[in-house]
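# Summary of structural features
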Amino acid sequence: MNWNVPFFQPDITEDDIQAAIKPLHDSWMTMGPVTQQFEEAFSGKIKTPYSHAVCNGTAALHIALVACDIKPGDEVLVPSLTFVACANVILAQGATPIFIDCTSKEDWTISPDDIEQKISPNTKAMMVVHYAGFPCNMETITTIAKKHDLKVIEDCAHAVVTKDHDRFLGNWGDVGCFSFFSNKNMTTGEGGMVVTQNQEIANRIKYLRSHGMTVLSLDKHKGRAATYDVVEPGFNYRIDEIRSSIGLSQLNRLDDNLAKRKHIYDLYIKILNKIDEVSIPFLETCAESVGYHIFPILINVEGARQSIIDALKTNGIQTSIHYPPIHLFSGYQAHAYTANCPLTEHISANEITLPFYPSMTDEQVIMVCDGIKEALHNLPTTVSV
Ligand SMILES: *Cc1c(COP(=O)(O)O)cnc(C)c1O
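We now turn to the structure provided with this report. (Residues numbered from 1 in each chain as written. Predicted model: local features only at pLDDT ≥ 70, side-chain atom pairs only at ≥ 80, totals over all residues. Heavy atoms only, no water.)

### Looking at the site of the ligand
To keep it simple, the criterion reads: The rule for a residue being near a molecule or strand is that one of its heavy atoms must lie within 4 Å of it. We define a polar contact as two N or O atoms separated by no more than 3.5 Å, with the added condition that, inside protein, one atom must be a possible hydrogen donor and the other a possible acceptor, whereas residues neighbouring each other in sequence contribute only through side-chain atom pairs. Here, Shrake-Rupley sampling with a 1.4 Å probe gives the accessible areas, and only protein chains in the shown set may cover a residue. Helix numbering and strand numbering both begin at the N terminus, where a helix is a DSSP run of H or I of at least 4 residues and a strand a DSSP run of E of at least 2. Note that Gly is not counted as nonpolar here; it falls among the polar residues with everything else outside the nonpolar set of Ala, Val, Leu, Ile, Met, Phe, Trp, Tyr, Cys and Pro and the charged set of Asp, Glu, Lys and Arg.
Gly57, Thr58, Asp155, Ser179 and Lys184 are the nearest of the 15 residues found near the ligand. With respect to the ligand, the side chain of His158 contributes an N or O atom lying 3.0 Å from an oxygen atom. Between the ligand and Lys184, the relevant distance is 3.2 Å, taken from an oxygen atom to a side-chain nitrogen or oxygen of the residue. Expressed as a share of its isolated accessible area of 380 Å², the protein-covered part of the ligand is 92%. Counting residues per element, the shell around the ligand draws most heavily on helix 3 (residues 57-67), at 3 residues. In terms of residue class, the shell around the ligand is made up of 6 nonpolar, 7 polar and 2 charged.

Below, the structure written as structure tokens:
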């Protein structure tokens, strides 16, 4: 379809294209010097001691769980209002996801109160998600974690270079996981990063992403080693030099793009705040620095969501939903993963994610807002106001 306003457009420049080509002129294709540069630049950007690049954000979350010693039978607390990868990797470890509700109708991040309610003797960790780039309540969450001896994994897929108080997200928990998938704030096509402040975890991550081998192919290539040991069975979650090179280039432009995203965010808020039938989450809890990843709204007219999505589509405006609750997916129900998450279900049934990307023009923002106003005006009579 040819959209007037697509949901998303990746920001790819000539610099990125040149960066992608550069490693092809060298003789080393995968996880070499460029990857190391990318990791060092990322560490510098979010002031973290150890960064390890991986092939995607899901792989990052998976080895984070392994490095936190999550084993079959363990319970891991996770929001239901997140991307399904979070729960999938918990199951992949043979552990059980315990779904936690949102904090409130304004703050959609994981509820510290619900976390405390659902901690059991089997709980070993929690995976928290900085939804849309808004920080979870990390002071409270890390206090609860300390009290119950739980590991904290931060899913920072929406929150690259974002602070809670003075500390960058990813540095609050035991491990921070980032995604550089095509629709994220910085992209390498597919890619991810694992950060930690714990040297022992960092070492395990380093090996886990490459089969658990203590010697890299690059070292063998350089004649530094002939054989290797496997200290802990791992995976092939490596990134290649081409992606790392794109990542370095994207990282250079991230601050500019965040400023553009903030401008669009503020314009959306200015217009949509005047519409009674629309509420915008996180207005009250807005932190000093925000990831500005997606623009979610809540429709206050029960049952009206689909009509609005359809009307916007007719006007060439593409929208999305973040997210269908994980605990309601058929593949999860079949395993009887029940969850008491009423707020999540309400938000998920009434949420629309609006188009949002750095190259979006003011005119396009206005077109989306006008489309919403028109759709609300023309709601079918079967929808009760
Ligand atoms: C994108 C995303 C992931 C998965 O990252 P991939 O790089 O696509 O594997 C995980 N969690 C959240 C919240 C995401 O948005």
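So much for the structure itself; the text now carries on.
### Regarding the pairing of strand 2 (residues 75-79)
Applicable threshold: Any residue under 20% of the maximum accessible area for its type is buried, any over 50% is exposed, and the rest in between are partly exposed; the area is computed with a 1.4 Å probe on protein chains only. A pair of strands counts as paired when DSSP detects no fewer than two bridges linking them. By definition, the crossover connecting two strands over a helix is right-handed if that path, from the first strand to the second, turns clockwise as seen with the strands pointing away from the viewer.
Where burial is concerned, most of strand 2 is hidden: 5 out of the 5 residues are buried. The alternating pattern of strand 2 places Glu75, Leu77 and Pro79 and Val76 and Val78 on opposite faces, both of which are buried. Sheet topology places strand 2 next to strand 3 (residues 96-100); 5 bridges connect them, and they run parallel. Looking at strand 3, one finds that Val78 is bridged to Phe99. For the segment spanning strand 2, helix 4 (residues 85-92) and strand 3, crossover handedness is right-handed. In this structure, strand 2 lies alongside strand 4 (residues 123-129), joined through 3 bridges in parallel fashion. The partner of Glu75 across the bridge, within strand 4, is Thr123.

### Brief notes about the nonpolar core
The test is simple: Among the buried residues, those of types Ala, Val, Leu, Ile, Met, Phe, Trp, Tyr and Cys that are joined through side-chain atoms within 4.5 Å form a nonpolar core. Contacts are assigned to residue pairs with any non-hydrogen atoms lying within 4.5 Å of each other.
Tyr268, Leu272, Phe295, Ile297, Ile308, Leu354 and Ile372 are the most contacted members of the largest nonpolar core, which totals 47 residues. Among the elements of the structure, helix 9 (241-272), strand 11 (295-299), helix 10 (305-314), strand 12 (351-354) and helix 13 (362-377) are those that each provide at least two residues to this core. No other element matches the 7 residues that helix 9 contributes to this core. Among residues more than four places away in sequence, those in contact with Leu272 are Val278, Ile280, Phe295, Ile297, Leu354, Cys369 and Ile372. Among the nonpolar cores identified, the runner-up in size contains 37 residues, and Leu77, Leu150, Met186 and Leu258 belong to it.

### So, the sheet that holds strand 3
Where we set the bar: Between N-to-C directions, angles span 0 to 180 degrees; the directions come from axes that are lines fitted to C-alpha atoms, helices contributing only their stretch in contact.
Within the open sheet, the 7 strands sit side by side as 1-9-8-5-4-2-3. Their pairing is mixed. Edge positions in the sheet fall to strand 1 (50-54) and strand 3, since each has one partner strand and no second. In this sheet, adjacent strand axes meet at a mean angle of 20° when their direction is disregarded. When strand 1 meets strand 9 (residues 192-196), the two strands line up antiparallel, connected through 5 bridges.

### Focus: the sheet that holds strand 12
The strand order across the open sheet formed by 3 strands is 10-11-12, and the pairing between neighbours is antiparallel. Looking at which strands have only one partner, the edges of the open sheet turn out to be strand 10 (278-279) and strand 12. Lying on the sheet, helix 9 is in contact with strand 10, strand 11 and strand 12; it crosses strand 11 at an angle near 15°.

### Side note on the pattern of salt bridges
Heads up, the condition is: Salt bridges are defined as contacts in which a side-chain nitrogen from Lys or Arg sits within 4 Å of a carboxyl oxygen from Asp or Glu.
Applying the stated criterion to the full structure yields 13 salt bridges. Between Glu39 and Arg209 there is a salt bridge, with its nearest N and O atoms 2.8 Å apart. Of the two residues, Glu39 sits in helix 2 (residues 33-46) while Arg209 sits in the loop between helix 7 (199-208) and helix 8 (217-221), which places them 170 residues apart along the sequence. The exposure class of Glu39 is buried, given its relative accessible area of 10%. Measuring nitrogen to oxygen at the nearest pair gives 3.1 Å for the salt bridge that ties Arg204 to Asp69. Taken together, the residues span a long stretch of sequence, with Arg204 in helix 7 and Asp69 in the loop between helix 3 and strand 2 at a distance of 135 residues. By relative accessible area, Asp69 is classed as partly exposed at 38%. One connected set of salt bridges, linked through shared partners, spans Asp69, Lys71, Arg204 and Glu232.

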